[in-house]
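One letter stands for each residue in the lines below.
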Amino acid sequence: MAQPENAVERTADRIFPSDEEAAFRKLMDQCMDTEPFADEANLKQNNMQHEWFTSQQAFNERNRILPGKASHLDRNWILAEQELMHGCQTGPEFKRYDKLSVNVQLSGDHAENMPEKLETFEEIFENFPDRVPAELKENLNRCGYKIPTPVQKYAIPAGLADRDVICCAPTGSGKTGAYLIPMLSSTFRFGQASGKLEEPFSGAAKPDTVILAPTRELCEQIFREALKFCHKTYHLVVKICGGETTAKCQVQELAAGADVVIATPGRLWAFAQHGDIINLSKVECLVIDEADNMLSCTMRYYLNEIIMNSENTMHSKGQMKDKLQRQTMMFSATYPHDVHMQQLQYLHTPIQMQIGAVGSVGVGIEQKLIQVQQKCKYKQLRLVLSEFQDGQINLRSDDWQRLIVFCNSKWQVENLDKKLQGETWPSGARRDFYHTVLHRGLTQPDRDSNLLEFRWGSKNILVTTDISRGLHIDGVTWVINYDLPDVSENYVHRCGRTGRGNHKGHAISFCAENERILLDEIEAYTGAEIDRFDLQPEDYKDIVDESDFNEKDWKKLLDENISTKPLYTQTDVDDDFSLSSRRGLRDDINQYM
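Scoring rules and cut-offs
- Once a new chain begins, its residue numbering starts again from 1 and follows that chain's sequence as written.
- The model is predicted, so local features are restricted to residues of pLDDT at least 70 and side-chain atom pairs to those at 80 or more, both for listing and for counting; the totals for chains, interfaces and linings are taken over all residues.
- Heavy atoms from the whole structure form the basis of all side-chain values; hydrogens and water molecules are not counted.
- Between buried and exposed lies partly exposed: a residue is buried under 20% and exposed over 50% of the maximum accessible area for its type, with that area taken using a 1.4 Å probe on protein chains only.
- To qualify as a helix, a DSSP run of H or I must reach at least 4 residues; to qualify as a strand, a run of E must reach at least 2; elements of each kind are numbered from the N terminus.
- A pair of Phe, Tyr and Trp rings is counted when the ring centres sit within 6.5 Å of each other, with Trp represented by its six-membered ring. The angle between the planes then sorts it: under 30 degrees is stacked, over 60 is edge-to-face, the rest tilted.
- Only when DSSP finds a minimum of two bridges between them are two strands counted as paired.
- Only buried Ala, Val, Leu, Ile, Met, Phe, Trp, Tyr and Cys residues count toward a nonpolar core, and they belong to the same one when joined by side-chain atoms within 4.5 Å.
- By definition in these notes, contact holds between two residues if any of their heavy atoms fall within 4.5 Å.
- One speaks of a salt bridge when a side-chain nitrogen belonging to Lys or Arg is within 4 Å of a carboxyl oxygen belonging to Asp or Glu.

**A word on unusual backbone geometry**
Positive phi outside glycine occurs at Arg64, with the angle close to 55°. The exposure class assigned to Arg64 is partly exposed, which follows from its relative accessible area of 42%. Even without being glycine, Thr349 reaches a positive phi, approximately 40°. Among the structural elements, Thr349 can be located in the loop between helix H14 (337–343) and strand S8 (351–355). Owing to a relative accessible area of 30%, Thr349 belongs among the partly exposed residues under this scheme.

**Comments concerning the packing of aromatic side chains**
All chains considered together, the criterion is met by six aromatic pairs. Centroid distance Tyr145 to Phe229: 5.8 Å. Interplanar angle 75°. Geometry classified as edge-to-face. One end of the pair, Tyr145, is in the loop between helix H6 (134–142) and helix H7 (150–160); the other, Phe229, is in helix H9 (residues 216–229), and 84 residues separate them in sequence. Taking 5.3 Å as the distance between ring centres and 55° as the angle between the ring planes, the aromatic pair formed by Tyr179 and Phe331 counts as tilted. One end of the pair, Tyr179, is in helix H8 (residues 175–190); the other, Phe331, is in strand S7 (residues 327–332), with 152 residues separating them in the sequence. When sorted by exposure, Tyr179 lands in the same class as Phe331, which is buried. Taken together, the ring pairs in this structure connect Phe121, Tyr145 and Phe229 into an aromatic cluster.

**Let's talk about the sheet that holds strand S12 (residues 461–464)**
Pairing is parallel in the open sheet, where seven strands are placed in the order S11-S12-S10-S13-S14-S9-S15. The open sheet is flanked by strand S11 (435–438) and strand S15 (531–532), the only strands paired with a single partner. The pairing of strand S9 (residues 365–371) with S15 spans two bridges and is classified as parallel. Across the sheet, residue Lys368 finds its bridge partner in S15, namely Asp531.

**What to know about the nonpolar core**
If you look at the biggest cluster of nonpolar residues, it comprises 48 residues, and the most contacted ones within it are Phe229, Ile262 and Met353. When residues no more than four places from it in sequence are discounted, the contact partners of Phe229 are Leu136, Asn139, Leu140, Cys143, Tyr145, Gly177, Leu180, Ile181, Leu184 and Phe188. Residues Phe53, Leu268, Ala291 and Tyr301 belong to the second largest nonpolar core, which totals 41 residues.

**Some thoughts on the pattern of salt bridges**
A pair can form between side chains of opposite charge whenever their charged atoms are brought close. Tallied over the full model, the rule gives 19 salt bridges. Across the salt bridge formed by Asp162 and Arg131, the nearest N and O atoms sit 2.9 Å from each other. Of this pair, Asp162 sits in the loop between H7 and strand S2 (165–168) while Arg131 sits in the loop between helix H5 (121–127) and H6, placing them 31 residues apart in sequence. One salt bridge in this structure joins Arg516 and Glu513, with 3.1 Å as the shortest N-O distance. A relative accessible area of 31% means that Arg516 is categorised as partly exposed. For Glu513, a relative accessible area of 23% puts it in the partly exposed group. Via salt bridges that share partners, Glu61, Arg64 and Glu199 belong to a single interconnected network.

Below is the structure:
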């Protein structure tokens, strides 16, 4: 059987019976080949966005509003100060890497001529005295950057040497800093610094640097890091991502100019296609984060249009420069072979870096697997959450540890959300779990507020889908895979939400009999067997006592669970697995429609 072209097709091959496969593939072809936003409603929306843009610029002109930055009244200034006060996502967290031997492989044209790896940020500053501006050095010192991680030791010198880079490095290894530092160094040296203008900004925004990410939440995360690096400078950082409620605000912000744009590809394409809101012709630096995710399904369509204008949907006046005339860096924690071949069309003689083993889980993450019947999963989850939350009782909310529960579909997330909302146990006790949820079915304001609750600790349990696979949230010590992911690469990304930097983490995966095929694929991909966590008799008794099973003989059930007899008949497996996985697949399709 031929290797499927992408992760969604792999899932389809495994889940769908033959009589449905053709219809599914036709739907996927429509998702991937049909030009988005071609109907009248979206053309009307584009015209409305242009009106917002021109109206805001006219308002700025009438009132002599300058695009000034470096002011304690600027809201991004305030946000950067808050981020600095709450600490940095990178820098001081990475002391563990000093004592680790990490395998690093470099390849590509003239890789042997690359600058030697540098052991401290002071060495980087000394070896590139004309490349790292003083403002950036000062902000790096504010953030506590002292010792670079392995990915930073190699990627930063390559970026400062103006080389294109393809980098595969484990989650939580400092990739954001690895591309922000060289890209912003270029922007500070050659960019226009819109905040210095002494006249109101007019015309389309012409950013010098564009950073693309697959989700709104990851854009927000990168945006906050970029604000810290650009703090007390005149370089304007603008975030552009989906959500109808944010479009007008983003257009109005772009009306004042933008030097660094952090965007999801769909929204950037919508703003840039006519070249009158954003003009990409001046882009010198391009970053694609989570490249494996970005090169899947219709995100690939947007990338092709933004970068190469493959189907001429971009106006020629706003088209991005050829790859020979710009610097491009692509980063990810996983790189399937088909993605690796696709990305080469965007880069010019790139240096390819592999930090550690491809597909490996972070070194600070302890992985465990609990083999459990599907109908026992929720009972097992409740026990784990109870034990986790009991350990937080004597801590202030600011010191709470955090836990993420991953599901394969928003349907499953909503199902767990309802069950966890203060249910009454058979004993009569009532237990409230301080949890929130995140999935693509929520409105943008709900997504933002829920994520903020989890980020700042008022809720310390997040139930989510793979939309959160790229997020960095401080204090996440546990990850639970309630459903094993349909795509093996997502297992690595999920586990990488914990054990980041200098911290240790724990990843527990529930595996039902009908998920054994997924488990085999995950272990083959990571190259390591996940440690099995055998339930002790008293643990299994607790699950049974809290369950609604008719059979209360826990010893009998335990014997059945560890016997060689399958937990499900083949009919049970097909019915149960198809139902949950089709729902998850339908969610994945809906996000692109």
